[in-house]
Amino acid sequence: MKELIQFTSELISRYENEANNISNDYSNQLNTRIREVEDMRFNALSYVDENSRTWAGHTVEALDREINILKDAYDSNNKPLISQKAREILNRQNIITKEEILKIDYLDIKEKSDFEEALIKKEREILLQDKRNYLNKFEDTKISNSKSEDNILDLLSNHPQLKTLIDNIKHQNEDKTDNWDYLIETFLSDYINNPSTYRSKEIALIQFKQMMLGDKAFYVEINDKKHYLTEKTILTASVSDIKAVKALLIDLPKMTLTKDYPFMKKWRVQGVIYTIFTAKKLGVEKNLLSGINSKADVIKDFLKFLKISEDKYKDLNCERWSKILTITKSNLNSDDLSFNDKQVLIPLQSEYINGFLLNRYKDKKGIRTGTASRNFTKHTNSRPHIYWSVLLGIYTGARAEELAQLQIKDIQKKIIKDESVYFIDFCITDYENQSIKNSSSIRRTPIHNNLIELGFLTYVKNRKSINTDDLFDLNRNKDSKRKDFQRSFNDEIKEYIKENYKDLPNYRFSFHGLRSHFIAKFIKSIIVESDDEMEEKASLKELIYLKKLIGHTAKKFKDDITVNTYFKEDLELLNAKRRINEIDFHIEEGFEEIKRLYTEKYGEPNLDLDINIIL
């Protein structure tokens with residue numbers, strides 16, 4: 001252990017000694033080792049801002065940008081983010097060798113984490129020194145101008161009314177600009193631990209910023225008049241300016257289509273307005289109304305945040321912004337309206353799910369061939385998330401990411417009145433590798449008997465026997481999401497519907513449809529025919545149960561119902577188990593087919609298991 005600590009300490013010390021240019025003696029450092037290291041760092045730090053201006057890596061702008069990025073990463077305590085930033089530092093230097101970097105990768109998690117945090121802190125110190133070096137180069141100019149500054153200060157002290165006038169002009173100029181980078185970074189600081197949310201909001205706000213800064217080459221039509229997009233500020237924006245932003249949001253193309261339209265990858269550099277108008281000419285698919293309003297909602301939240309947190313914006317008319325940026329079908333042209341109407345999702349009905357399960361491991365002619373048999377083996381053995389994703393989705397109604405991130409210790413058991421209740425504990429037990437959508441997502445969901453009959457407890461037992469923590473072995477993308485969990489089902493269900501229901505207007509089915517199906521079947525099982533007041537209250541109580549089971553509630557109940565979503569009481573958990581097993585999913589044939597295949601391949605499943613017994 002001491003040798004490892006000494007090894008990492010020596011690396012940090014050597015890096016500081018060779019990278020930190022304290023002397024700032026540029027004339028005598030030409031072609032030296034320290035200049036070589038500095039050049040590598042500066043080349044990596046250069047960037048192009050949203051206004052297409054290039055900043056060299058040695059400038060204050062580039063250095064401040066990286067200093068803030070490193071600070072945010074370090075302060076976030078987000079281990080994957082810290083690891084990523086440390087890797088970027090190592091990639092832009094040649095002091096620590098590739099062989100030494102390989103040794104770092106073999107350190108224990110804590111030792112590696114300590115090294116990465118120390119490296120980030122040291123890099124910030126080095127960049128701060130770089131910034132001081134840059135500013136000190138211009139000290140002579142400041143000294144030469146000091147007498148003039150003294151004379152101006154004397155003039156202002158002798159004429160206070162002149163100082164007041166200058167201050168007024170200064171405040172007026174401040175109102176004519178928005179410190180966009182600072183405002184956006186401050187707003188996003190609350191989301192630093194949720195990479196997916198952070199990224200989506202950051203994109204929406206950068207696009208909003210570019211819309212407000214404008215592009216004189218383009219205009220939008222507002223009330224049949226040309227409205228040229230020149231630089232606007234949040235406080236001085238007119239009704240027409242806000243309507244122009246609204247028009248741009250409506251015309252914003254679907255930025256995920258970069259494979260077919262590579263030019264959209266560079267929207268930050270070439271400008272979102274240019275990208276919008278170019279995409280419009282090429283007929284690129286636009287966002288659906290829900291997607292447009294999602295971006296508009298981010299902007300509204302951002303403006304409300306400014307009004308509350310920044311004194312400069314205390315008089316901001318958020319109501320006007322919110323009213324104009326509320327986008328409905330009436331704001332769409334006929335082509336966009338037709339496109340949205342065609343994209344309305346068809347519910348994932350029991351008939352579709354039943355048929356999918358019944359035919360999943362057969363060929364297109366309904367015959368179970370060798371290939372289909374091998375697929376079943378692969379899905380239940382080497383790629384079990386493909387088998388279990390759809391079944392867990394059907395019988396729990398949980399979100400894909402909630403299921404994908406489950407760990408063995410989240411599968412628990414409780415004995416209540418001599419009855420075993422197996423349940424999934426949806427909560428965070430590993431802060432580095434798990435996350436939840438909101439507080440309502442923390443819940444206990446009983447495991448349906450059908451899941452147990454399909455081998456779920458056997459699978460959990462097998463995973464536990466190999467001393468692994470995770471229920472599924474899945475990689476995470478740049479947003480820390482495990483998209484492979486639902487990908488196979490998303491592809492397969494679309495193909496199945498396309499082959500068997502050719503008259504349906506679209507095939508936009510996805511894993512989330514299983515959640516909607518669970519909700520629909522639960523509600524159908526509790527519908528109260530009578531108008532009797534007591535029965536209505538009973539129905540409302542059942543809807544509260546639904547919220548507890550899936551970590552969500554219908555919007556109309558949000559203001560009226562505040563419940564703890566955890567089934568804390570034993571009887572509540574036992575009743576929840578019975579309720580969930582009473583739901584009729586209308587997929588009996590599909591269930592029996594999967595059960596038959598499982599039993600033929602693996603024998604009878606475990607119906608009981610000593611795992612995580614909760615007292």
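How should the packing of helix H18 (residues 350-359) against helix H28 (residues 588-602) be read in this particular structure?
A pair of packed helices is characterised by two quantities: the angle between their axes and the separation of those axes. Look at H18 against H28: their axes get within 7 Å of each other, and the N-to-C directions meet at 20 degrees. Relative to H28, the element H18 lies roughly parallel. In the packing of H18 onto H28, the handedness of the crossing is left-handed. The segment H18 lies against H28, with Asn354, Leu357 and Leu358 engaging Glu588, Glu589, Gly590, Phe591, Glu593 and Ile594.

Sorry, what's going on with the confidence of the model for the protein here?
Detailed reading of the predicted model is not advised wherever pLDDT is low. Mean pLDDT over the protein works out to 80, with 78% of the residues at or above the 70 mark. No element of the protein has a lower mean pLDDT than helix H7 (residues 139-144), at 45, and none a higher one than helix H22 (residues 449-453), at 95. Contacts from residues 139-144, a stretch scored under 50 in pLDDT, to residues over four places away or in other chains number 0 contacts. Here residues 528-538 scores under 50 on pLDDT; set against residues more than four positions off or in separate chains, the count is 4 contacts.

Would you mind going over the pairing of strand S5 (residues 411-416) with me for this structure?
It is a general feature of regular strands that their side chains alternate between the two faces of the sheet. With 5 of 6 residues buried, S5 lies mostly within the body of the structure. Between S5 and strand S6 (residues 419-426), which pair antiparallel in sequence order, lie 2 residues; one of them, lysine 417, sits at a positive phi of approximately 55 degrees.

Would you mind going over the packing of H18 against helix H20 (residues 384-396) with me for this structure?
Interhelical geometry of H18 versus H20 gives an angle of 150 degrees and a closest axis separation of 12 Å. One finds that H18 runs roughly antiparallel with respect to H20. As H18 packs across H20, the resulting crossing turns out to be left-handed. For the pair H18 and H20, contact is made by Ile353, Phe356 and Leu357 and by Val390, Leu391 and Ile394, respectively. Across the contact of H18 with H20, the residue classes tally to 6 nonpolar, no polar and no charged.

I'm lost on the packing of aromatic side chains in this one. Help?
When we look at a pair of aromatic rings, we describe it by the centre distance and by the angle of the planes. This model, assessed by the stated rule, comprises 26 aromatic pairs. Ring plane angle 90 degrees and centroid distance 5.4 Å describe the contact between phenylalanine 356 and phenylalanine 489, whose orientation is recorded as edge-to-face. In this pair, phenylalanine 356 is assigned in helix H18 and phenylalanine 489 in helix H24 (residues 484-500), connecting sequence segments 133 residues apart. When sorted by exposure, phenylalanine 356 lands in the same class as phenylalanine 489, which is buried. When the ring centre of tyrosine 47 is taken as origin, the NZ or CZ atom of arginine 65, which lies over that ring, is 4.2 Å away. Taking NZ or CZ as reference, arginine 443 lies 4.2 Å from the ring centre of phenylalanine 426, over its face.

Would you mind showing me how to read a negative patch on the surface here?
Taken together, the side chains of Asp584, Glu588, Glu589 and Glu592 make up a negatively charged region of the molecular surface. Here aspartate 584 lies in the loop between helix H27 (570-582) and H28. The exposure class of aspartate 584 is partly exposed, given its relative accessible area of 36%.

Whenever I open this one, the nonpolar core confuses me. Can you help?
Within soluble globular proteins, side chains that are nonpolar generally end up buried alongside one another. If you look at the biggest cluster of nonpolar residues, it comprises 57 residues, and the most contacted ones within it are Leu357, Tyr387, Trp388, Ile394, Phe456 and Leu471. Among the elements that make up this core, the one with the highest residue count is H20 (7 residues). If sequence neighbours within four positions are ignored, leucine 357 has contacts with Val390, Leu391, Ile394, Ile587, Gly590, Phe591, Glu593 and Ile594. With 51 residues, the next largest nonpolar core counts Leu229, Ala296, Ile299 and Cys318 among its residues.

Sorry if this is basic, but what is going on with the environment of lysine 112 here?
Position of lysine 112 among the secondary structure elements: in helix H6 (residues 109-136). Considered as a pair, lysine 112 and threonine 8 are 104 residues apart in the sequence and their alpha carbons are 8.8 Å apart. Apart from residues lying up to four places away in sequence, lysine 112 is in contact with Ile104, Asp105 and Leu107.

What am I meant to see in the pattern of salt bridges here?
Applying the stated criterion across every chain, the model contains 32 salt bridges. In this structure, the salt-bridge partner of lysine 413 is aspartate 608, at a minimum N-O distance of 3.0 Å. In this pair, lysine 413 is assigned in strand S5 and aspartate 608 in the loop between H28 and strand S8 (613-614), connecting sequence segments 195 residues apart. Judged by relative accessible area, which is 3%, lysine 413 ranks as buried. On the basis of relative accessibility, which here comes to 43%, the residue aspartate 608 falls in the partly exposed class. In this structure, aspartate 484 engages arginine 487 in a salt bridge whose closest nitrogen and oxygen atoms are separated by 2.0 Å.

Calculation criteria
Residues numbered from 1 in each chain as written. Predicted model: local features only at pLDDT ≥ 70, side-chain atom pairs only at ≥ 80, totals over all residues. Heavy atoms only, no water. Axes fitted to C-alpha atoms, helices over the stretch in contact; angles between N-to-C directions. Helix = DSSP H or I, 4+ residues; strand = E, 2+ residues; numbered from the N terminus. Parallel < 35°, antiparallel > 145°, perpendicular 65-115°, else oblique. Left-handed = near helix turned anticlockwise from the far one by under 90°. Contact = heavy atoms within 4.5 Å. pLDDT = per-residue confidence, 0-100. Buried < 20%, exposed > 50% of the residue type's maximum accessible area, 1.4 Å probe, protein only. Pairing = 2+ DSSP bridges. Nonpolar A, V, L, I, M, F, W, Y, C, P; charged D, E, K, R; others polar. Phe/Tyr/Trp six-rings, centres within 6.5 Å; stacked < 30°, edge-to-face > 60°. Lys NZ or Arg CZ within 6 Å of the ring centre and 35° of its normal. Patch = residues over 30% accessible without salt bridge, like charges linked within 9 Å, V, L, I, M, F, W, Y side chains within 5 Å. Areas by Shrake-Rupley, 256 points an atom, 1.4 Å probe, with all protein chains shown as cover. Salt bridge = Lys/Arg side-chain N within 4 Å of Asp/Glu carboxyl O. Lys, Arg positive; Asp, Glu negative; His and termini not counted. Charge placed at Lys NZ, Arg CZ, Asp CG, Glu CD. Core = buried A, V, L, I, M, F, W, Y, C linked by side-chain atoms within 4.5 Å.

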